[in-house]
Amino acid sequence: MIQKLYDKHNDPDVLQHIVDILNDGGIIIYPTDTMYAMGCHALKERPIEKICRLKNLNPKKNNLSIICYDLSNISEYAQVGNATFKLMKRNLPGPFTFILKADSRLPKIFRNRKEVGIRVPGNPIIREICRLLDAPILTTTLPLHEGEDIEYVTDPELIDEKFGDEVDLVIDGGIGGVEPSTVINCCEDMPEIVRQGKGILIE
């Protein structure tokens, strides 16, 4: 199932339906400010496990990331010092993933790694859904196999064709990007850029 959404003035009933899907343990695909991504309610273990199977992720080896609406309640899910918080505030919303030490409120699947990626994307569609959900959304970019056309992770119609049977909803927010987020590890004393993607970090 595919649902067209816009940056603003979306039907509140449609948005509520998407929130209901997430609250019921469903999986959605949505646009971000970088690439299209797959996600679910970040506090529900079962859909997280399903996403890990779909992407062949091992939570013990791969970092998992969550989308937050803003930074106001970030301390509920991650340990963040003053300097890191100021760095995030300067750069978010934006195309960045900040790796922080995970807090105990997240499901135990996160605590296998003791770290969590935090995203506040500059995309109003997914941030509004996150605000209405009043909870973080687990997020991971769509898998693209070697030799596969890039349009299968950028064109919502083709994304629906490829993943529609495996997820509960594909949100059409227009053609997506191809550049991933820039990843900054903030678990040590000094922040370290471990993957340069879209966006220039303001330090």
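Residues numbered from 1 in each chain as written. Predicted model: local features only at pLDDT ≥ 70, side-chain atom pairs only at ≥ 80, totals over all residues. Heavy atoms only, no water.

Outline the pairing of strand β6 (residues 96-102), listing residues and values.
Counting buried residues in β6 gives 6 out of 7 residues, a clear majority hidden from the surface. Alignment of strand β5 (residues 78-79) against β6, held across 2 bridges, turns out to be antiparallel. For Gln79, the partnering residue across the bridge sits in β6 and is Lys101. Looking at chain direction, β6 and strand β10 (residues 182-185) are connected through 4 bridges and run parallel. Considered in β10, the bridge of Phe96 is made with Thr182. With 4 bridges connecting them, β6 and strand β7 (residues 115-119) associate as antiparallel partners. Bridge pairing links Leu100 to Val116 in β7. (Buried < 20%, exposed > 50% of the residue type's maximum accessible area, 1.4 Å probe, protein only. Helix = DSSP H or I, 4+ residues; strand = E, 2+ residues; numbered from the N terminus. Pairing = 2+ DSSP bridges.)

Break down the pairing of strand β3 (residues 37-41) for me, citing the residues and quoting the values.
Within β3, 5 of the 5 residues are buried, which leaves the element mostly enclosed by the surrounding structure. The pairing of strand β2 (residues 28-30) with β3 spans 3 bridges and is classified as antiparallel. What sits directly across from Tyr30, in β3, is Ala37. Between β2 and β3, which follow one another and run antiparallel, lie 6 residues. Relative to strand β8 (residues 137-141), β3 is paired through 5 bridges, and the arrangement is antiparallel.

So, the UniProt feature "domain: YrdC-like" (unreviewed entry) in the protein: which residues are in play, and what are the values?
Taking the UniProt record as the reference, the feature "domain: YrdC-like" (unreviewed entry) is found at residues 12-199. Secondary structure content for residues 12-199 is 29% helix and 22% strand, while the C-alpha to C-alpha distance between its ends is 31 Å. (UniProt positions renumbered as here; feature names shortened; annotations may be inferred.)

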